[in-house]
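Survey of secondary and tertiary structure
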Amino acid sequence: MKNTINIVKHSGDVVPFDAKKLINSLRRAKANEELIQQIVEEVNASLYDGMTTKQIYKMAFKMLKGKSSVSASRYKLKKAIMELGPTGFPFEKFVAKILEQEGFQTQAGVIVQGHCVTHEIDVAALKDDKHYMIECKFHSDKGRFCDVKIPLYIQSRFIDVERQWKMKPSHDRKFHQGWVYTNTRFTTDAIQYAECIGLGLTSWDYPKNNSLKYRIDMAGLHPLTALTTMTKAEKTKLLDKGIVLCKELHETPTLLNEIGVDKTRHKKILEDSEALCKTCLLYTSPSPRDATLS
């Protein structure tokens, strides 16, 4: 083992290399222990002061992909979510799919009337007596965080919409709440304000046991962009059709024919898709009460 080596994070911060973080990320990808040890040893042998976390990631990903395409897909989860861009709309659909799996009835890109003005809501979600107005903030640069201005703005919109919602007989006893979902992170001020005002926040790693990363891992709702067995062009064709999950591809294999994927590749793609959503296949979501989002 080398002496302490300082590496450069995407943000530009310089930190000591911590092999435990690499090991934990590889274990989350469900790589076997022998392969994890091989990767850590190779990374350690290549480390030098000033090496970037991006370079370390690429090295580990290349080795994973060569041994297990499914583990490589799990390992690239954060990057895969960023590949849902650039418009951000696939990310909105992805958030809606996660909520649907958790028993919510959802609508994406819906126009609602507030008390003062109309608003376009990225995702409206309803389950039992819970009614959420969700804003999705997608960033293609993982170094961009959501600062306090975002929850301040969303809360003001939510108050206008909630005032109108509460005037409807079907909503007078419902629990209403605004939420912000992002694929990156929130600043400390953004979290502090949201906790104070009662606005919900979900980011890549917040809150600890209910973050995007956690919920995707628990439910197996991996974005199709995580697949290493498909080309970028093929994934784009599926996204253009509104398909965002490996689960959807697994459930409708004819989609591969529709986008012109050679039949000799179907088996491997579908095997990887199934492996990535196995947890989801074992997961039973609660049934929401019959209700509308109006």
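Below you will find a few notes about this structure. What you are looking at is a predicted structure, and each value in this text was computed from that prediction instead of being measured. (Residues numbered from 1 in each chain as written. Predicted model: local features only at pLDDT ≥ 70, side-chain atom pairs only at ≥ 80, totals over all residues. Heavy atoms only, no water.)

Enumeration over the complete set of coordinates arrives at 13 salt bridges. Notably, a salt bridge pairs E135 with K137, separated by 3.6 Å at the nearest N-O pair. Classification of E135 as buried rests on a relative accessible area of 9%. Salt bridges here are not isolated pairs; linked through shared partners, they connect E135, K137 and R157. (Salt bridge = Lys/Arg side-chain N within 4 Å of Asp/Glu carboxyl O. Buried < 20%, exposed > 50% of the residue type's maximum accessible area, 1.4 Å probe, protein only.)

So, about the packing of helix α6 (residues 89–101) against helix α9 (residues 212–219). In the contact formed by α6 and α9, the axes pass within 11 Å of each other and the chain directions differ by 55 degrees. It follows from the interaxial angle that α6 and α9 lie oblique. Judged by the sense of rotation from one axis to the other, the crossing of α6 with α9 is left-handed. Residues F91, F94, I98, L99 and Q101 of α6 form the contact with α9, whose own contacting residues are L212, R215, I216 and A219. (Axes fitted to C-alpha atoms, helices over the stretch in contact; angles between N-to-C directions. Helix = DSSP H or I, 4+ residues; strand = E, 2+ residues; numbered from the N terminus. Parallel < 35°, antiparallel > 145°, perpendicular 65-115°, else oblique. Left-handed = near helix turned anticlockwise from the far one by under 90°. Contact = heavy atoms within 4.5 Å.)

Our next topic: unusual backbone geometry. When glycine is set aside, most residues are seen to have a negative phi, and most peptide bonds are trans. Look at the link from Y206 to P207: it is a cis peptide, with omega at -10 degrees. Positionally, P207 belongs in the loop between β9 (200–202) and α9. Unlike most non-glycine residues, K30 shows phi in positive territory, near 65 degrees. Its place among the elements puts K30 in the loop between α1 (19–28) and α2 (33–46).

On to the nonpolar core. Core analysis: the largest hydrophobic core is formed by 41 residues, its most contacted members being F91 and I134. The element contributing the most residues to this core is α6, with six residues. Counting 23 residues, the second largest nonpolar core, distinct from the first, contains L35, M51, F61 and L64. (Core = buried A, V, L, I, M, F, W, Y, C linked by side-chain atoms within 4.5 Å.)

Strand order in this open sheet of five strands is β3-β4-β5-β7-β9, and the pairing throughout is mixed. Because the sheet does not close on itself, it has two edges, and the strands there are β3 (105–113) and β9. When strand polarity is set aside, the average angle formed by the axes of neighbouring strands in this sheet is 35 degrees. With three bridges joining them, strand β7 (residues 175–182) and β9 adopt parallel strand pairing. Of the residues in β9, the one forming a bridge with Y181 is T202. (Pairing = 2+ DSSP bridges.)

What follows covers α6. The terminal C-alpha atoms of α6, which comprises 13 residues, lie 19 Å apart, in line with the 18 Å expected from a rise of 1.5 Å per residue. Residues of α6 that are buried include every one of P90, F91, E92, F94, V95, A96, I98, L99 and Q101, and no others. Downstream of α6 by a residue or two, G103 has a phi angle that is positive, lying close to 100 degrees. (Expected span 1.5 Å × (residues − 1).)

Taken together, K54, K58, K79 and K142 make up a surface patch of like positive charges. Tracing the backbone through its elements, the reader meets K58 in helix α3 (residues 53–67). For K58, a relative accessible area of 52% translates into the label exposed. (Patch = residues over 30% accessible without salt bridge, like charges linked within 9 Å, V, L, I, M, F, W, Y side chains within 5 Å. Areas by Shrake-Rupley, 256 points an atom, 1.4 Å probe, with all protein chains shown as cover. Lys, Arg positive; Asp, Glu negative; His and termini not counted. Charge placed at Lys NZ, Arg CZ, Asp CG, Glu CD.)

With respect to the element layout, I121 can be found in strand β4 (residues 118–127). Among the residues examined, I121 registers a relative accessible area of 1% and is labelled buried. Taking the C-alpha atoms as reference, I121 lies 22 Å from P207; in sequence the two are 86 residues apart. Ignoring anything within four residues of it in the chain, the contact list for I121 reads A108, G109, V110, V112, M133, I134, R157, V161 and W165.

Function-wise, these values are silent; they only describe arrangement.
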